[in-house]
Amino acid sequence: MSSKLLMIIATGENEKALTGLMYASKALSEGWMDDVKVIFFGPSERLLIEDEMIAKTAKEIGAVEKPIACKYISDREGISEKIQDLGLQVEYVGTIISDLLRDGYVPMVF
């Protein structure tokens, strides 16, 4: 079984997003998984700039493993710079997600 996690935060609901982020944060800090990647995709990207707790948790994760937000969506919403200001990468994630899945990362989607 793979011990590499791909956490995709896609929800626009802060409680769901925070649940996924809390697991990702603990998995990194406690060594529950060998590697954890976090990708913000879709409505969760707006949460990054509107919800202080989501932004704070994403920044904390970024101290260990820099999260990525989908550039296509953030550009469409006009929020790419604001997400980058939080210290996150903004990239086109289609290929990134596909490569991680091929490399054996197990996806969890919140």
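Provided above is the structure to which this section pertains.
Owing to the predicted nature of the structure, the values given are computational and were not obtained by experimental measurement.

Novice: Provide a residue-level description of the overall build of the protein chain, including the pertinent values.
Specialist: In terms of regular secondary structure, the protein chain is built from six helices and five strands. For the protein chain, the α and β elements follow one another from N to C terminus as β-α-β-α-α-β-α-α-β-α-β. Taken over C-alpha atoms, the radius of gyration comes to 13 Å for the protein chain, in line with the 13 Å a tight globule of 110 residues would show. Across the 110 residues of the protein chain, 42% fall into the buried class. Expressed as a percentage of contacts within the protein chain between residues at least 6 apart in sequence, the contacts between residues at least 24 apart total 69%.

Novice: Can you explain the packing of aromatic side chains? Please cite residues and give values.
Specialist: Enumeration over the complete set of coordinates arrives at one aromatic pair. Where Y23 meets W32, the ring centres are 5.5 Å apart and the plane angle is 40°; that geometry is what we call tilted.

Novice: Please set out the packing of helix α1 (residues 14-29) against helix α3 (residues 52-62) residue by residue, giving values where relevant.
Specialist: Packing of α1 against α3 leaves a shortest axis separation of 10 Å and a crossing angle of 20°. By the criterion of interaxial angle, the relationship of α1 to α3 is roughly parallel. Both α1 and α3 take part in a crossing whose hand is left-handed. Here α1 contributes N14, A17, L18, L21, A24, S25 and L28 to the contact with α3, which in turn contributes M53, I54, T57 and I61. Here the residues of the contact of α1 with α3 are counted per class, giving eight nonpolar, three polar and no charged.

Novice: Could you give me a rundown of the sheet that holds strand β3 (residues 68-70), with the residues and numbers involved?
Specialist: Across the sheet, which stays open at both edges, the five strands sit in the order β4-β3-β2-β1-β5 with parallel pairing between neighbours. Lying at the two open borders of the sheet, with one neighbouring strand each, are β4 (89-91) and β5 (106-109). Each strand of the sheet is rotated relative to its neighbour by a mean of 30°, with strand direction disregarded. Of the pairings in the sheet, the one linking strand β1 (residues 4-9) to β5 comprises four bridges and is parallel in character. Across the sheet, the residue bridging to I8 is V109, located in β5.

Novice: Describe the pairing of β1, with residues and values.
Specialist: Counting buried residues along β1, five of its six residues qualify, which places the element largely inside the surrounding structure. The pairing of β1 with strand β2 (residues 35-40) spans six bridges and is classified as parallel. Bridging across to β2, I8 finds its partner in I39. In the classification by handedness, the crossover that spans β1, the intervening α1 and the parallel β2 is right-handed.

Novice: Account for α3, naming residues and giving values.
Specialist: Residues of α3 that are buried: I54, A55, T57, A58 and I61. Axial view of α3: buried residues confined to an arc of 165°, hence all on one face. Tucked inside the fold, the buried residues of α3 contact α1, β2 and α2 (44-50). Sitting at the head of α3, D51 places a side-chain oxygen 3.0 Å from the backbone nitrogen of M53.

Calculation criteria
Residue numbers restart at each chain and count upward from 1, following the sequence in its written direction. Since the coordinates come from a predicted model, pLDDT governs what is reported: local features require at least 70, and pairs of side-chain atoms require 80 or more to be given and counted, while whole-chain, interface and lining totals use all residues. To get the side-chain values, all heavy atoms of the structure are used, and hydrogens and water are removed first. Counting from the N terminus, the helices are the DSSP runs of H or I reaching at least four residues and the strands are the DSSP runs of E reaching at least two. Just to be clear, the radius of gyration here is over C-alpha atoms, and the globule rule we use is 2.2 Å times residues to the power 0.38. Classification of residues uses two cut-offs on accessible area relative to the type maximum, computed with a 1.4 Å probe and protein chains only: under 20% is buried, over 50% is exposed, and between them is partly exposed. Here, two residues are considered to be in contact whenever any of their heavy atoms come within 4.5 Å of each other. In this scheme Phe, Tyr and Trp rings, the latter by its six-membered ring, pair at centre separations within 6.5 Å, and the angle between planes marks the pair as stacked below 30 degrees, edge-to-face above 60, and tilted otherwise. Lines fitted to C-alpha atoms define the axes here, with helix axes fitted over just the stretch in contact, and angles between the N-to-C directions of these axes take values from 0 to 180 degrees. Geometric relationships in this document are graded by angle, where less than 35 degrees denotes roughly parallel, more than 145 denotes roughly antiparallel, 65 to 115 denotes roughly perpendicular, and other angles denote oblique. Handedness of a crossing is defined here by the sense of rotation of the near helix relative to the far one, left-handed for an anticlockwise turn of less than a right angle and right-handed for a clockwise turn. For this scheme, ten residues count as nonpolar: Ala, Val, Leu, Ile, Met, Phe, Trp, Tyr, Cys and Pro. Four count as charged, namely Asp, Glu, Lys and Arg, and the remainder, Gly too, count as polar. What makes two strands pair is DSSP finding at least two bridges between them. Here is how to tell: hold the view so the strands point away, follow the path from the first strand over the helix to the second, and if it runs clockwise the crossover is right-handed. The directions from the helix axis to the C-beta atoms form the arc being described. Polar contact criterion, stated in full: a pair of N or O atoms within 3.5 Å, where within protein one must be able to donate a hydrogen and the other to accept it, and residues adjacent in sequence count only if both atoms are side-chain atoms.

By themselves, these figures tell us nothing about what the structure is for.
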